[in-house]
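Listed here are the chains, written in short residue letters.
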Amino acid sequence: MQTRPGTRPRRARPKSGRPGMWAIRGPLSRRQYWMFAALGLLVPLGLWWIVSSGAAVDKVFLPGPVDVFKRLVTWYTEDDLLSDMGISIYRVTTGFLFSAVIALPLALMIGTFRPVQAVLEPLTDFIRYMPAVAFIPLVMLWVGIEESSKISIIFIGTFFQMVLMMAEDVRRVPLAQIEAAQTMGAQKGETINLVIFQAAKPALLDTLRVTMGWAWTYLVVAELVAANSGLGYSILKAQRFLQTDKIFVGIILIGLIGLVMDQLFRLAHRKAFPWLHLRS
Amino acid sequence: MTTKISIQQVGKVFGEGHRRVEALKDVSLDIADNEFVTFVGASGCGKSTLLRIIGGLEYHTAGEVLVDDRPIMGPGADRAMVFQHYSLYPWLKVMENIKFSRRLRHGRENLSEADVEAASGRADALLALMGLTPAAEAWPNQLSGGMQQRVAIARALMGRPQILLMDEPFGALDAQTREVMHDLILHVHRLEKPTLAFVTHDVEEAIYLADRVVLMAPRPGRIDTIYQVPLPAEREQDMKHTPEFLHLKKEILARIRETSGMKTDQGMLDQLNMEGSV
């Protein structure tokens, strides 16, 4: 017998079968997302405020949000905060760009040709475990104490990780994509340019985004070397004078600059690779 | 009929020492021009390896493979390959994927205006043939699995390959989509007249499409039996229910079971059933 839809008697159903936000991997609307995100920022801020305003806590140990904000203002008006930020951003991006420009072709070669991988990968693996801080005396000896030395430290801190991660991105290009090109008559150079590099691009940009974060973590280390400006240098100097509020400002500013750069990378990703960000 | 592909005592060994695996041993087969040959067999029988050797993506360690009486030297545009999946370029729209071979050097060499125009017309024609015209400006990841495979086939055909190699191209598709694709690929075969070598694990598909079904056996990979398909050249879905078809299907399935080296242990099954019922 055939049945037709719509003839079933109506029955009282449970309120809704839709899974709530607490279901495993459940849905979260945009508004709810921002609500929780704001909560995640405001709760720690509130706790900080409460703890720091307690009478038992010395300001040298833990300055409150208000103290930190006041210090931000005086740093901006009296101590030329913008030039500190500018020089630090300059050092980080320059060191980072040098890394990226050298790492990219190397990673393409390592991920494509096994002999190159055999020569370079163990070596890179070995060097990346060496602490970047320990290179400071050598950098001073070889590069001097100019601007280039700070850039060198950031380069050393990011380059070796970057090469390995990018090589992995290149290796993850599906073999079928490469072989399809070969059976369409692609030469070696064409396969690398038109397939491998194109296919790896989104992952490579993600790797750049992640390593940019690491470049910022090496800023303080880099500004240990005979610096007299910059956010990292200011943090170190503030430590000497027990200006805890200034340390807070420096750390928070580095965090914020990092956050902005991260968002810029994500925006670039959406613009450059629209097929990965389609609404289904 | 002239021989298009001649496989002569081909052997393939992977690895060295105790990891040495003989993937193919003493495989000989002649495939005629415009013939449609399908390869079936238990896993590990080397059917994909053989296809990849013809495509120039693997190199055989013994014997010879000739295409038009010339030994193959690596992959080339005369032997296009269609893979099971992940072979489309997700950063190119459907039309750009199909025209990919035009961006390659050999696709640009000595081109006159008329050639370029003809190529563009061919891309449009292939798009229409595959029923993809409305999807020309879509990204591959917006398409269903069946549509993606149509793009892959159109792209492979774009360079007018004399040989089309297909490695389980419909293996990831659902049964209904697969039937549509079967008639489509038969249509392409009639229209474009490539020589077609097609690897599959689906015996029904192998019979329905092919002039000959080559059954391979594992350990070491070798050709076991070659079946001539007793169906008229023009295939229709209804033929799948004819006694000839069903008989051949049964025969091939039984032979694959025999050669797979895996037997169903009836005693063990009975024992499991007994324990389950207690």
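Residues numbered from 1 in each chain as written. Chains lettered and ligands numbered in written order. Predicted model: local features only at pLDDT ≥ 70, side-chain atom pairs only at ≥ 80, totals over all residues. Heavy atoms only, no water.

Chemist: Sorry if this is basic, but what is going on with the nonpolar core here?
Modeler: The nonpolar side chains of a soluble globular protein tend to be buried with one another. In terms of nonpolar packing, the biggest core is built from 94 residues, with A:Leu231, B:Ile7, B:Phe39, B:Tyr89 and B:Phe100 touching the most fellow members. Each of two domains, domain 1 (3-78 + 162-277) and domain 2 (86-160) of chain B, supplies a minimum of three residues to this core. Residues B:Phe36, B:Ala136, B:Ala210 and B:Leu215 belong to the second largest nonpolar core, which totals 54 residues. (Core = buried A, V, L, I, M, F, W, Y, C linked by side-chain atoms within 4.5 Å. Buried < 20%, exposed > 50% of the residue type's maximum accessible area, 1.4 Å probe, protein only. Domains from an automatic or database assignment.)

Chemist: Just to check I follow, could you spell out the packing of helix H4 (residues 113-129) of chain B against helix H6 (residues 175-192) of chain B for this structure?
Modeler: Packed helix pairs are specified by the crossing angle of their axes together with the interaxial distance, meaning the distance between the axes. Residues and elements named next belong to chain B. At their nearest, the axes of H4 and H6 sit 12 Å apart, and the two run at 145° to each other. Contacts between H4 and H6 pair Arg122, Leu126 and Leu129 from the former with Leu184, His187, Val188, Leu191 and Glu192 from the latter. A per-class count over the contact of H4 with H6 returns five nonpolar, one polar and two charged. (Axes fitted to C-alpha atoms, helices over the stretch in contact; angles between N-to-C directions. Helix = DSSP H or I, 4+ residues; strand = E, 2+ residues; numbered from the N terminus. Contact = heavy atoms within 4.5 Å. Nonpolar A, V, L, I, M, F, W, Y, C, P; charged D, E, K, R; others polar.)

Chemist: Teacher, can you tell me more about the packing of aromatic side chains here?
Modeler: Each aromatic ring pair is specified by the distance between its two centres and by the angle formed by the two planes. Across all of its chains, the model carries twelve aromatic pairs over all chains by this definition. Each ring, one from A:Trp48 and one from A:Phe248, has its centre 5.5 Å from the other, and the planes form 20°; the classification is stacked. With a gap of 200 residues between them, A:Trp48 in helix H1 (residues 30-53) and A:Phe248 in helix H11 (residues 244-272) connect regions that are remote in the sequence. Residue A:Trp48 is classed as buried on the basis of its relative accessible area, which comes to 17%. On the numbers, 5.5 Å between centres and 45° between planes, the contact of A:Trp275 with B:Trp139 is tilted. Of this pair, A:Trp275 sits in the segment after H11 while B:Trp139 sits in the loop between H4 and helix H5 (145-158), which puts the two residues in different chains. Grouping residues by exposure puts A:Trp275 and B:Trp139 together as buried. An aromatic cluster of at least three residues, connected via ring pairs, comprises A:Phe155, A:Phe159 and A:Phe160. In this structure, B:Lys93 is placed above the aromatic ring of B:Trp139, and the distance from its NZ or CZ to the ring centre is 5.1 Å. Directly above the ring of B:Tyr208 sits B:Lys240, whose terminal nitrogen or CZ lies 4.6 Å from the centroid. (Phe/Tyr/Trp six-rings, centres within 6.5 Å; stacked < 30°, edge-to-face > 60°. Lys NZ or Arg CZ within 6 Å of the ring centre and 35° of its normal.)

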